[in-house]
Amino acid sequence: PGTRTSTALEARIATRLVSLEGVLDHALSADRTGPATDPGPMGPADLAGIRLFVPAHRLIRLALDLGLPLTRIAGLDPVHVDLAGGYPAVGSIVYIDGSVEAGSVGPGTVQLQVKVPTTIGHVVIVPIKSDPATRLWIVRIDKAP
């Protein structure tokens, strides 16, 4: 029974990710013009170069499905969201999904869970897809005018 439950959950998550890949792909389309930078043999990607933040345990699947190098995609760390400090960076897309990663919907990301464009300090959070009933938000971080 545990295996069936786990398999059913994975199938629901996979279906949800597939249904959102078109939205994410479209949101990233303007940012696919330049090559990704090499993070070095042992170093992590530069956070300033990350263009898509996703549920951490789905990072590899989304990187493959969206054709993104690992220097351009990262798991979102909800505890460290700090718009004033540049995390996530201006120009990035953030995908928050409580049904895929329950920990991503909490106090650290509440400022990203918007239904209308919202200015916070020097950035504007622009909703691309927002569905609080299903705990889903895809937003773009823009520089405030």
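Everything numeric here is computed off the predicted structure, so don't read it as measured data.

Participant: Break down the overall build of the protein for me, with residues and values.
Facilitator: A tally of helices and strands in the protein yields 2 helices and 6 strands. Going from N to C terminus, the protein has its helices and strands arranged as α-β-α-β-β-β-β-β. Long-range pairs, those at least 24 residues apart, make up 56% of the contacts in the protein between residues at least 6 apart in sequence. Roughly 7800 Å² of accessible area belongs to the protein as shown, and the carbon and sulfur atoms make up 61% of that amount.

Participant: Run through the sheet that holds strand β6 (residues 136–143), naming residues and quoting values.
Facilitator: Strand order in this open sheet of 6 strands is β2-β1-β3-β6-β5-β4, and the pairing throughout is mixed. The open sheet is flanked by β2 (73–75) and β4 (118–120), the only strands paired with a single partner. For this sheet the average axis-to-axis angle between neighbouring strands, irrespective of direction, equals 25°. Examined bridge by bridge, strand β1 (residues 52–54) and β2 share 3 bridges and lie parallel to one another. Each residue of the ladder has a partner; that of Leu52, found in β2, is Ile73. Across the face of the sheet, helix α1 (residues 2–28) comes into contact with β1, β3 (93–97), β5 (123–131) and β6 while running at roughly 165° to β3.

Participant: Go over the pattern of salt bridges with me, naming the residues and quoting the values.
Facilitator: Side-chain pairing between opposite charges can occur once the charged atoms of the two side chains come close. Counting across every chain of the model gives 3 salt bridges. Residue Asp65 pairs with Arg61 through a salt bridge whose shortest N-O separation is 2.9 Å. Residue Asp65 and its partner Arg61 are both found in helix α2 (residues 59–66); the two are separated by 4 residues, about one turn of the helix. Relative accessible area serves as the criterion here: at 38%, Asp65 is assigned to the partly exposed category. Residue class for Arg61 comes out partly exposed when judged on its relative accessible area of 30%. Note that Arg140 is salt-bridged to Asp142, the shortest N-O span being 2.9 Å. Arg140 gets classed as partly exposed once you look at its relative accessible area, which sits at 31%. You can call Asp142 partly exposed: its relative accessible area is 22%.

Participant: Give a description of the environment of Gly75 that names residues and reports values.
Facilitator: When you line up the elements, Gly75 lands in strand β2. Leave out the neighbours within four places in its chain, and Gly75 touches Phe53, Val54, Ala56, Leu59 and Tyr87.

Participant: Provide a residue-level description of the pairing of β3, including the pertinent values.
Facilitator: The buried count for β3 comes to 5 of 5 residues, which makes it a mostly enclosed element. Side chains Ile93, Tyr95 and Asp97 of β3 all project onto a buried face; the interleaved residues Val94 and Ile96 project onto the opposite face, where all are buried too. With 2 bridges joining them, β1 and β3 adopt parallel strand pairing. By the bridge assignment, Leu52 is partnered in β3 with Ile93.

Participant: I'd like a description of the side chain of Arg16, backed by residues and values.
Facilitator: Relative to the helices and strands, Arg16 resides in helix α1. Arg16 gets classed as buried once you look at its relative accessible area, which sits at 18%. Not counting residues within four places of it along the chain, the set of residues in contact with Arg16 comprises Asp97, Ser99, Thr134, Arg135 and Leu136.

Parameters at a glance
In this convention, every chain numbers its residues from 1, walking through the sequence in written order. Owing to the predicted nature of the model, reporting of local features is limited to residues with pLDDT of at least 70; listing and counting of side-chain atom pairs is limited to 80 or more, with chain, interface and lining totals taken over all residues. Values shown for side chains rest on all heavy atoms present in the structure; no hydrogens or waters enter the calculation. Here a strand is any run of E in DSSP of at least two residues, a helix any run of H or I of at least four, and the numbering for each starts at the N terminus. By definition in these notes, contact holds between two residues if any of their heavy atoms fall within 4.5 Å. Each accessible area is a Shrake-Rupley result for a 1.4 Å probe, and residues are judged covered by the shown protein chains and nothing else. Note on pairing: two strands pair once DSSP finds at least 2 bridges between them. Angles shown run from 0 to 180 degrees and are taken between the N-to-C directions of axes, each axis being a line fitted to C-alpha atoms and, for helices, limited to the stretch in contact. Here a salt bridge means any side-chain nitrogen of Lys or Arg lying within 4 Å of a carboxyl oxygen belonging to Asp or Glu. Only protein chains enter the accessibility calculation, which uses a 1.4 Å probe; a residue is then buried when its area is under 20% of its type maximum, exposed when over 50%, and partly exposed in between.

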